[in-house]
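Analysis of the macromolecular model
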There are 2 protein chains.
Amino acid sequence: MSTRQKRYFLAESEIPTEWYNIQADMVNKPMPPLNPATKEPLKAEDLFPIFAEELARQELNQQDPWIHIPEPVRDMYKYYRSTPLVRAYGLEEALGTPAHIYFKNESVSPVGSHKLNSALAQAYYNKEQGVTNITTETGAGQWGAALSYAAKVFGLECAVYQVKISYNQKPYRRSIMQTFGATVEASPSMSTRAGKDVLTVDPNNQGSLGTAISEAIELAISTPNCKYTLGSVLSHVSLHQSIIGLEAEKQMAMAGEYPDMVIACFGGGSNFGGIAFPFMRHNLKDGKQTRFIAAEPASCPKLTRGQFQYDFGDLAGYTPLLPMFTLGHNFMPANIHAGGLRYHGAGTIVSQLLKDGLMEAVDIKQSDSFKAGVLFARSEGIIPAPESCHAIAAAIQEANKCTATGEEKVILFNLSGHGLIDMSAYDQYLAGNLQDYEVTDEEVARNLAQLEKVI
Amino acid sequence: MSTRQKRYFLAESEIPTEWYNIQADMVNKPMPPLNPATKEPLKAEDLFPIFAEELARQELNQQDPWIHIPEPVRDMYKYYRSTPLVRAYGLEEALGTPAHIYFKNESVSPVGSHKLNSALAQAYYNKEQGVTNITTETGAGQWGAALSYAAKVFGLECAVYQVKISYNQKPYRRSIMQTFGATVEASPSMSTRAGKDVLTVDPNNQGSLGTAISEAIELAISTPNCKYTLGSVLSHVSLHQSIIGLEAEKQMAMAGEYPDMVIACFGGGSNFGGIAFPFMRHNLKDGKQTRFIAAEPASCPKLTRGQFQYDFGDLAGYTPLLPMFTLGHNFMPANIHAGGLRYHGAGTIVSQLLKDGLMEAVDIKQSDSFKAGVLFARSEGIIPAPESCHAIAAAIQEANKCTATGEEKVILFNLSGHGLIDMSAYDQYLAGNLQDYEVTDEEVARNLAQLEKVI
């Protein structure tokens, strides 16, 4: 670690009052979600049975670049925002790199990750509409913890389907949700049709985000005055997460720098979009040439090895068809510790941007991610979430390129969460027991071949 | 929770540059530590074999009220300080109390507790002196995690004896220490004379802070260029922790209030002294009449049911004799989850203050502490450490008195750490499986009767 340090905070008056909606500035807009039965583009009203109405409208809003943040949400943001932008001198010194490395520290939120930025917004809009119960899925448990907290803030009942592998690997996350008053069930469960279908075929199935989403949607549809919420993938989630990048932009200006690269880990796209899109608007509109790099796990490589096509967002096919880079909604990711990255597809905005060459993606092996995480912990003093370790590994790769060339590039990455609830994974890494998982080309091709071709 | 909120931060230039040493302002100074063999008062030099010299001098300094904080320590403080002072509107509303409740949130430090304030100072002074290795004990693991981090900052090797019950109850804390690069051993261990002596008599002994201290001292004495460090009890630790209260004093002024009560949980006294002493100086010097309340576990009640006399700080009797409220150094506390409070004695400053009626103590049952912790989590959104739950329970008791009388008293308590690594304890509480432990008067009397009478 270094006793040199620099953290940048915003004054309360500088905390953004609007979210940024990149859809409005994209030349090629994301293609619309389709009704699976008719293949007709969905309107916001079609989403009302599942989502709060304002969230459905935000989802499909391709006109308005700026969306006002409601006051009660801003009030709650002030509990933990602005989050610090940190110059990572310790990491730079450990790497011996001339690169300037910055990270945005979203781990300081009360629930330990960026997920709260959208959870508060989603709980608020549901409450405003008179909804009393909300459901969701969670992978690593970060989103579930955030939604449990947000539900308590706005007086909603909350039920969470936690992917079984995480439920067992990370029992503390379940406890956190329960301490905040939520109901938590391991997915696949016997409480839904979707869960039963999986367990009937494979009683030891360890679950996936795709399965848990199906279960949460099913519960929402079958419960009075209940709506479903999603922690990533969807465009309205990236919208809420734009607070990260909007703050970071002001904070980078305080540091007198502008990023050459913006890096984030990638599960469904919410923390990536959150930090990247506000900077990307200057590429789209002001001729900036920042690179945007999504770091995904090698065992779930939808961006680097998936295919762009219409697919379902969940296993059971309850969602609309979404235009996405996907490994196929039947893809069952390996049991890596970065549970938040175990998702078969990418959000529609990111998928369009990647298709158009406006961003890049890299895949990171599980062992490399933890190697990066331990180096970060020992040089910056923060134990990162397994998901965030992927961003750190990608940032280190880029910093090492700078070391080779001598270039003083400015690298910004998002530290999406802390890893204090994931210490069993660090245990395994430190003991040399961590496994890497390969996905074969055949497996990807076979899975994709099962999909109905819409485009 | 409440969307009303108020957090107070200090500008970087307002972060204190000096620690406060209450010994200088006490009319009745703490009696000196004694050499156990000669019963002669110790001089600083007598402590040099165990402690870094500057720490030994600070320990016995009864003259200087203000001690300059070295620049490298201040630089590291800036990573997480000032910590927020929070007006607990959510808790107030949940209680329906007219009291104004504030808490100082030390859980935001990189290691999740106030312990880092002293760990950084102790690691720094050892490094300055050319020490290469440091040892310590840890109860809940908060201190061990902090020292592991601080050792990494200043380039020291660190070995930690973790009380066995915590080592097993809280494996994640061990992992955190190891991730920061420290060596961790469960205590009692077979690696020291003191540990072997315990295990020979009682192979299933679950350890205590007193035993772990003996082991850590033994390792320090028998290792070249190695010193011992302690996370509480001693006066120099309270000195470093005074940063908490000094900041809180300025932050309460920002809020336009001054506390009628200052409350903290109590193990050895470091977080209590840290928040209380800076305010207490205005009782001692300026005629203020603030009440100071230490909240200890009912299962380890040295302040409320112990006896003031000279006793050893550790089980094996390696430490000097210290004038303290004690249950006897042979006292083996029940296996409560608040591992940081499982200590038989109180620091010499607090013991003198309690003897002189300048502060109060209350005991809190384990079940009451978690009841308070869950209410706090659900009303303020932060899951408190089991230790901190005791402070919250005491604060709630006082707030409820205000509800009965209608008085708008101002209550300040220290949230010494978060409980994210203690979720198994919350699990047990929520499942109704948490046990309360009674200490009988006979047990206390029998244990105290074994002590050699020095005063």
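Before reading on, note that the structure itself is shown above.
Residues numbered from 1 in each chain as written. Chains lettered and ligands numbered in written order. Predicted model: local features only at pLDDT ≥ 70, side-chain atom pairs only at ≥ 80, totals over all residues. Heavy atoms only, no water.

1. Section: the overall build of chain A
In terms of helices and strands, chain A carries 18 helices and 15 strands. Over its C-alpha atoms chain A spans a radius of gyration of 20 Å, differing by no more than 12% from the 23 Å that the globule rule assigns to 455 residues. When the backbone C-alpha atoms are referred to their principal axes, chain A occupies close to 55 × 50 × 45 Å. The buried share of chain A, taken over its 455 residues, is 67%. (Helix = DSSP H or I, 4+ residues; strand = E, 2+ residues; numbered from the N terminus. Rg over C-alpha atoms; globule rule 2.2 N^0.38 Å. Buried < 20%, exposed > 50% of the residue type's maximum accessible area, 1.4 Å probe, protein only.)

2. Things to note about the nonpolar core
Counting 170 residues, the largest nonpolar core has Leu120(A) and Leu120(B) as the members making the most contacts within it. Discounting residues that sit within four places of it in the chain, Leu120(B) has contacts with Val73(B), Met76(B), Tyr77(B), Tyr80(B), Tyr149(B), Ala150(B), Val153(B) and Phe154(B). (Core = buried A, V, L, I, M, F, W, Y, C linked by side-chain atoms within 4.5 Å. Contact = heavy atoms within 4.5 Å.)

3. A few points about the state of the cysteines
All names here are of chain B. Per the stated rule, a full pass over the model turns up zero disulfides over all chains. Cys158 takes part in no disulfide bond, and the closest cysteine sulfur, belonging to Cys226, lies 9.3 Å away. Take Cys158: its relative accessible area is 6%, and that puts it in the buried class. With no disulfide of its own, Cys389 has Cys265 as its nearest cysteine by sulfur position, at a separation of 9.2 Å. Classification of Cys389 as buried rests on a relative accessible area of 0%. (Disulfide = S-S within 2.5 Å.)

4. A few points about the pairing of strand 6 (residues 133–138) of chain B
All names here are of chain B. Most of strand 6 sits inside the fold, with five of its six residues counted as buried. Pairing geometry for strand 6 and strand 9 (residues 226–228), over three bridges, is parallel. Bridge pairing links Thr135 to Tyr228 in strand 9. (Pairing = 2+ DSSP bridges.)

5. A look at the relation of the copies chain A and chain B
The two copies are related by a screw operation: chain A maps onto chain B through 180° of rotation and 0.0 Å of translation along the axis, at an RMSD of 0.0 Å. Viewed as a symmetry operation, the transformation between the two copies matches a two-fold axis. Comparing interface residues between copies, 100% of those in chain A also sit at the interface in chain B, which points to an isologous, same-surface contact. (Least-squares fit on C-alpha atoms with pLDDT ≥ 70 in both.)

6. Notes on the layout of surface pockets
All names here are of chain B. Of the volumes computed, that of the second largest pocket is approximately 300 Å³. Along its surface, the second largest pocket is lined by 25 residues, and Pro33, Glu59, Leu60, Leu234 and Leu322 are the ones closest to its centre. Those elements that provide at least two residues to the lining of the second largest pocket are helix 2 (53–60) and helix 10 (209–221). Of the residues assigned to the lining of the second largest pocket, the class counts are 18 nonpolar, six polar and one charged. (1 Å grid on protein atoms, 1.4 Å probe; cavity = no way out; pocket = protein on both sides within 12 Å on 5 of 7 lines; lining within 4 Å. Points joined across faces, edges and corners; volume = space filled by probe spheres on them. Nonpolar A, V, L, I, M, F, W, Y, C, P; charged D, E, K, R; others polar.)

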